Amino acid sequence: MTRFEDVIERDGRLVYTNVGDSMRPLIRQDRDILIIEKYEGRLKKYDVPLYKRDSGQYVLHRVLKVRPDDYVICGDNRYNKEYGITDRHIIGVLTAVVRDDKEIPITDLRYRLYVHLWCDLFPIRAFILKATHFPKWLKRKLK
């Protein structure tokens, strides 16, 4: 089985569709195509790295804060921040999303506007996500 990091090392990029909903509404599971490219150096705020947790799980989430030794990362459809992801975990970085046969580079004005609205308003987003997840959580607990 070929690993993501092997494809990026060999080809300089990885093109695939994701599994999961943690990056909604930006990325739709099994519908959008992601272009991940090899990345060297330090990530910047708002970058979307593909990284591999120590557990071996691959994750594609957004950088909310760059710290001296690690990154604070969170999925666009999540409200729990992840800490302790370092440069050694990073495999590549999202450079474009292909939606409905149209490539949207991360430099696109609409993409950048989405990123700033969605990330700069994180406390409001987290509140909304918690409020929408609460009824589902409560229903599971009452069963």
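It should be noted that the structure appears before, not after, this text.
Computed from a prediction, not measured in an experiment: that's the story for all the values here.

A. View of helix α3 (residues 122-142). Between its first and last C-alpha, α3 extends 30 Å over 21 residues, near the 30 Å set by a 1.5 Å rise per residue. Maximal helix bending in α3 amounts to about 30°, located at Phe134; proline Pro135 follows within four positions. The secondary structure elements touched by the buried residues of α3 are β5 (62-66), β6 (71-74) and α2 (109-120).

B. Molecular detail of the side chain of Asn77. Here Asn77 lies in the loop between β6 and β7 (82-85). At a separation of 3.1 Å, a polar atom in the side chain of Asn77 contacts the main-chain carbonyl oxygen of Asp21. If near-sequence neighbours (up to four positions away) are discounted, Asn77 is found in contact with Asp21, Ser22, Met23, Arg24, Leu129 and His133.

C. Summary view of a nonpolar patch on the surface. On the surface, a nonpolar cluster with roughly 620 Å² of combined accessible area is contributed by Leu113, Leu117, Leu121, Ile124, Phe127 and Ile128. Those elements that provide at least two residues to the nonpolar patch are α2 and α3. Per-element accounting of the nonpolar patch gives the leading share, 3 residues, to α3. Looking at the secondary structure, you find Phe127 in helix α3. Classification of Phe127 by relative accessible area gives exposed; the value is 61%.

D. Expanded view of the sheet that holds β7. A sheet is described by the order of its strands in space; here 3 strands give the open sequence β5-β6-β7, paired in antiparallel fashion. At either margin of the open sheet sits one strand with a lone partner, and together these are β5 and β7. On average, each strand axis in the sheet is tilted by 40° relative to the strand beside it, whichever way the strands run.

E. Fine view of the nonpolar core. Counting 24 residues, the largest nonpolar core has Leu34, Ile36, Leu60 and Leu94 as its most contacted members. Counting residues per element, this core draws most heavily on α2, which supplies 4 residues. In this view, Leu60 contacts Tyr16, Ser22, Met23, Ile27, Leu34, Ile36, Val48, Pro49 and Leu50; residues no more than four positions away in its chain are not counted. Counting residues in hydrophobic clusters, the runner-up holds 9 residues, among them Val59, Tyr71, Ile73 and Ile90.

F. Up close: the state of the cysteines. Using the criterion set out here, one finds 0 disulfides in the structure. The thiol of Cys74 is unpaired, and the distance to the nearest cysteine sulfur, on Cys119, comes to 8.6 Å. Judged by its relative accessible area of 1%, Cys74 is buried.

G. Region of interest: the pattern of salt bridges. Considering all chains together, one arrives at 18 salt bridges under this definition. The residue Lys44 makes a salt bridge to Asp47 at a minimum N-O spacing of 3.9 Å. Asp54 is the salt-bridge partner of Arg88, the closest N and O atoms lying 3.0 Å from each other. One end of the pair, Arg88, is in the loop between β7 and β8 (90-99); the other, Asp54, is in the loop between β3 (49-52) and β4 (58-60), with 34 residues separating them in the sequence. Through salt bridges with shared partners, a single ionic network connects Arg3, Glu5, Asp6 and Lys52.

About the cut-offs
- Residues numbered from 1 in each chain as written.
- Predicted model: local features only at pLDDT ≥ 70, side-chain atom pairs only at ≥ 80, totals over all residues.
- Heavy atoms only, no water.
- Helix = DSSP H or I, 4+ residues; strand = E, 2+ residues; numbered from the N terminus.
- Expected span 1.5 Å × (residues − 1).
- Bend = angle between axes of the 7 residues up to and from the residue.
- Contact = heavy atoms within 4.5 Å.
- Polar contact = N/O pair within 3.5 Å; in protein donor to acceptor, adjacent residues only side chain to side chain.
- Patch = residues over 30% accessible without salt bridge, like charges linked within 9 Å, V, L, I, M, F, W, Y side chains within 5 Å.
- Areas by Shrake-Rupley, 256 points an atom, 1.4 Å probe, with all protein chains shown as cover.
- Salt bridge = Lys/Arg side-chain N within 4 Å of Asp/Glu carboxyl O.
- Buried < 20%, exposed > 50% of the residue type's maximum accessible area, 1.4 Å probe, protein only.
- Pairing = 2+ DSSP bridges.
- Axes fitted to C-alpha atoms, helices over the stretch in contact; angles between N-to-C directions.
- Core = buried A, V, L, I, M, F, W, Y, C linked by side-chain atoms within 4.5 Å.
- Disulfide = S-S within 2.5 Å.

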